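Chain by chain, the residues:
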Amino acid sequence: MNTRLHELLGRERARYAEQHPRSASAFKNAKHLFGRTPMTWMAKQAGGFPLYLATARGARVTDLDGHTFIDLCLGDTGAMAGHSPAPVVEAVQHRLKDLGGATAMLPTEDAAWVGEELTRRFALPQWSLALTATDANRWAIRLARAITGRPKILVNSYCYHGSVDESLIVVGPDGTAEIREGNVGAPVDTRVTSRVAEYNDLEGLAAELAHGDVAAVLMEPALTNIGIVLPEAGYLEGVRRLTREHGVLLINDETHTFSAGPGGATRAWGLEPDVVTIGKAIGGGVPVGAYGLSAEVSERIEARTDLDLIDMGGVGGTLAGNALSVAATRATLEHVLTDEAFEKMTGLGKYLAEGTRNAIKSQPWSVSQVGARAEFRFADPAPRTGGESHAAENAELDDYLHVYAANRGILLTPFHNMALVCPDTTRADVDAHLQVLDAAVAELA
Ligand code: PMP
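Cut-offs and rules
Residues numbered from 1 in each chain as written. Predicted model: local features only at pLDDT ≥ 70, side-chain atom pairs only at ≥ 80, totals over all residues. Heavy atoms only, no water. Pairing = 2+ DSSP bridges. Helix = DSSP H or I, 4+ residues; strand = E, 2+ residues; numbered from the N terminus. Axes fitted to C-alpha atoms, helices over the stretch in contact; angles between N-to-C directions. Buried < 20%, exposed > 50% of the residue type's maximum accessible area, 1.4 Å probe, protein only. Salt bridge = Lys/Arg side-chain N within 4 Å of Asp/Glu carboxyl O. Contact = heavy atoms within 4.5 Å. Near = heavy atom within 4 Å. Polar contact = N/O pair within 3.5 Å; in protein donor to acceptor, adjacent residues only side chain to side chain. Areas by Shrake-Rupley, 256 points an atom, 1.4 Å probe, with all protein chains shown as cover. Expected span 1.5 Å × (residues − 1). Phe/Tyr/Trp six-rings, centres within 6.5 Å; stacked < 30°, edge-to-face > 60°. Lys NZ or Arg CZ within 6 Å of the ring centre and 35° of its normal.

**Focus on the sheet that holds strand β13 (residues 366-370)**
Thought 1: Strand order across the open sheet formed by three strands is β13-β14-β16, with antiparallel pairing between neighbours. Single-partner strands in this sheet number two, and they are β13 and β16 (418-420). Each strand axis lies, on average, 20° off the axis of its neighbour in the sheet, ignoring direction.
Thought 2: Pairing geometry for strand β14 (residues 373-377) and β16, over three bridges, is antiparallel.

**Details of the pairing of strand β5 (residues 152-156)**
Thought 1: With respect to burial, β5 is a largely interior element, five of its five residues being buried.
Thought 2: Of the two faces of β5, the one lined by K152, L154 and N156 and the one lined by I153 and V155 are each fully buried.
Thought 3: Relative to strand β9 (residues 214-219), β5 runs parallel, the two sharing three bridges. When the sheet's bridge partners are listed, L154 is paired in β9 with V217.

**Quick word on the pattern of salt bridges**
Thought 1: Enumeration according to the criterion identifies 28 salt bridges in this entry.
Thought 2: Measuring nitrogen to oxygen at the nearest pair gives 2.9 Å for the salt bridge that ties R11 to E443. Residue R11 is found in helix α1 (residues 3-19), and its partner E443 is found in helix α15 (residues 427-444); the two are separated by 432 residues along the sequence.
Thought 3: Ionic pairing is found between R121 and E117, a salt bridge with its closest N-O pair at 2.7 Å. Residue R121 and its partner E117 are located together in helix α4 (residues 109-122), separated by four residues, close to a single helical turn.
Thought 4: Under the relative-accessibility criterion, E117 is labelled buried at 10%.

**Details of the environment of G314**
Thought 1: Along the chain, the position of G314 falls in the loop between α10 (295-303) and α11 (323-336).
Thought 2: Put simply, G314 and E116 are 198 residues apart on the chain and 26 Å apart in space, counted from C-alpha to C-alpha.
Thought 3: Not counting residues within four places of it along the chain, the set of residues in contact with G314 comprises W139 and R142.

**Details of the site of the ligand**
Thought 1: Inspection of the region around the ligand gives 14 residues, with T134, N225, D253, H256 and K280 positioned closest.
Thought 2: Between the ligand and the protein, one listed contact pairs an oxygen atom with a side-chain N or O atom of H256 at 3.2 Å.
Thought 3: The contact in question runs from a nitrogen atom of the ligand to an N or O atom on the side chain of K280, over 2.7 Å.
Thought 4: In isolation the ligand offers 400 Å² of accessible surface; the protein chains occlude 85% of this area.
Thought 5: Looking at the shell around the ligand, the element that brings in the most residues is helix α5 (residues 133-148), giving three residues.

**A look at the sheet that holds strand β8 (residues 194-197)**
Thought 1: Spatially, seven strands are ordered β4-β12-β11-β10-β9-β5-β8 in an open sheet, and the strand pairing comes out mixed. On the outer flanks of this sheet lie β4 (126-130) and β8, each paired with one strand and no other. Strand-to-strand twist of the sheet, defined as the mean angle between neighbouring strand axes without regard to direction, takes the value 20°.
Thought 2: Bridge count for strand β11 (residues 275-279) against strand β12 (residues 289-293) is five bridges, and the pairing is antiparallel. Following the sheet pairing, V276 is matched in β12 by G292.
Thought 3: Packed on one face of the sheet, α10 meets β4, β10 (249-253), β11 and β12 and runs near 95° to β12.

**Looking at unusual backbone geometry**
Thought 1: In this model, D380 is joined to P381 through a cis peptide bond whose omega is 5°.
Thought 2: Its location among the elements puts P381 in the loop between β14 and α13 (386-391).
Thought 3: Positive phi outside glycine occurs at R36, with the angle close to 60°.
Thought 4: Here R36 lies in the loop between α2 (21-29) and β1 (53-57).
Thought 5: For R36, a relative accessible area of 32% gives the class partly exposed.
Thought 6: Of note in this structure, A123 is not a glycine but carries a positive phi near 60°.
Thought 7: Relative to the assigned elements, A123 resides in the loop between α4 and β4.
Thought 8: You can call A123 exposed: its relative accessible area is 63%.

**Notes on α5**
Thought 1: A rise of 1.5 Å per residue sets the reference length of α5, with its 16 residues, at 22 Å; its end C-alpha atoms lie 22 Å apart and thus fit the reference within 8%.
Thought 2: Within α5, 12 of the 16 residues are buried, which leaves it mostly tucked inside the rest of the structure.
Thought 3: Once α5 ends, the next one or two residues include G149, with phi positive near 70°.

**A closer look at the packing of aromatic side chains**
Thought 1: Scanning all chains against the criterion turns up 10 aromatic pairs.
Thought 2: For the pair Y400 and Y404, a centre-to-centre distance of 5.6 Å together with 65° between the ring planes defines the contact as edge-to-face. With Y400 and Y404 both in helix α14 (residues 395-406) and four residues apart, the pair spans about one turn of that helix. Across the pair, exposure class does not vary: Y400 and Y404 are buried alike.
Thought 3: Here the aromatic residues F122, W127, F258 and F342 are joined through ring pairs into a cluster of three or more.
Thought 4: R408 extends its terminal NZ or CZ atom over the ring of Y404, reaching a point 3.5 Å from the ring centre.
Thought 5: For R427, the ring lying beneath its charged end belongs to Y351, and the centroid distance is 4.0 Å.

Next up, the structure:
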């Protein structure tokens with residue numbers, strides 16, 4: 001253990017506790033919430049207990065104790081449009097208050113607008129809505145299995161696609177597939193349903209696909225949930241070539257890489273997936289997910305008249321496509337996360353990445369950027385696979401940097417060292433974050 005780091009973390013945790021008596025007491029009193037939080041992951045807080053949300057607007061969050069933060073977590077991308085953007089508030093109010101009817105099992109015209117706009121952005125012509133990115137992934141997987149008649153899904157080691165059973169698999173130390181550590185109540189050994197390859201490893205991917213039992217590769221164009229791992233030259237083209245050669249569908253999960261631009265990494269990097277899945281940010285804070293299908297995929301599904309796509313066939317969700325989510329999504333795409341907004345956010349993301357490089361230059365760390373998102377990792381050069389990135393984890397160092405930032409008005413995602421900007425984030429906000437990061441790193445010396 002690093003004694004200096006340990007002492008610093010202790011000092012920062014004490015300060016955090018002192019500054020947040022109301023959050024501490026709210027946490028203590030939530031006796032009838034499992035893990036004292038509405039969802040167990042909310043307990044993952046560097047300070048020992050979560051900050052309680054009081055209010056939020058644009059790039060700012062205010063906690064129960066009255067501290068206002070520059071929010072670079074942005075709900076881990078759910079609030080990439082900024083908190084409560086005016087057009088979304090207006091659309092939600094209009095739907096709920098003026099028109100009435102949040103969910104009626106009836107489509108609204110906004111949905112067709114959303115489908116058309118997602119088509120413009122991602123160049124896939126057919127869209128279906130869900131409530132979360134996890135569900136979009138689950139349904140995309142089912143459809144892929146149905147039309148290929150193959151049982152397995154291939155993912156990258158240390159990926160994250162939500163609580164999708166098939167994705168909880170890693171490449172183990174001996175190079176063979178293992179169930180991901182901590183997998184809660186796996187229905188079957190993940191190796192029955194899945195195959196796994198390291199990101200950036202085309203040889204490994206080719207070997208796995210050669211078995212002929214893979215329906216789809218489900219991947220993020222860049223890994224973003226084990227730090228950011230960027231594609232090496234030729235990798236994504238290689239994935240597309242191999243998947244085509246083996247008759248395997250390619251599903252791009254754009255939930256996080258949407259930060260690359262208005263059409264995510266798919267458009268920004270000229271990718272040609274068969275299916276795109278997305279969620280979080282497109283609803284401007286209101287739950288929504290979506291998946292887009294190529295013409296060929298949608299035709300293959302439609303040709304399968306034996307599939308029950310209407311009732312109990314396993315693709316559903318009573319609240320999917322509800323009027324409220326769809327109104328919020330339309331407002332977000334039409335007025336908030338626009339092409340112009342992305343241009344500004346990407347510029348600021350670059351500034352953030354460069355500034356971060358400068359702030360951490362005394363350390364053997366590296367910085368990676370995907371548009372509006374930048375992240376540093378405790379390894380230099382930057383890890384090229386999920387496995388390498390996993391090996392570079394340091395929980396105590398993460399906690400120290402997070403709680404140090406929180407104590408000085410900067411909110412980061414509780415997981416790794418991601419910082420994300422929204423349309424309301426300013427250069428001054430980024431400067432303030434960089435100054436705090438610089439000071440936190442200096443104390444480590
Ligand atoms: N896909 C990716 C790439 C994600 O990062 C996440 C969540 N972090 C999800 C899917 C799942 O999103 P949700 O939890 O909103 O369903």
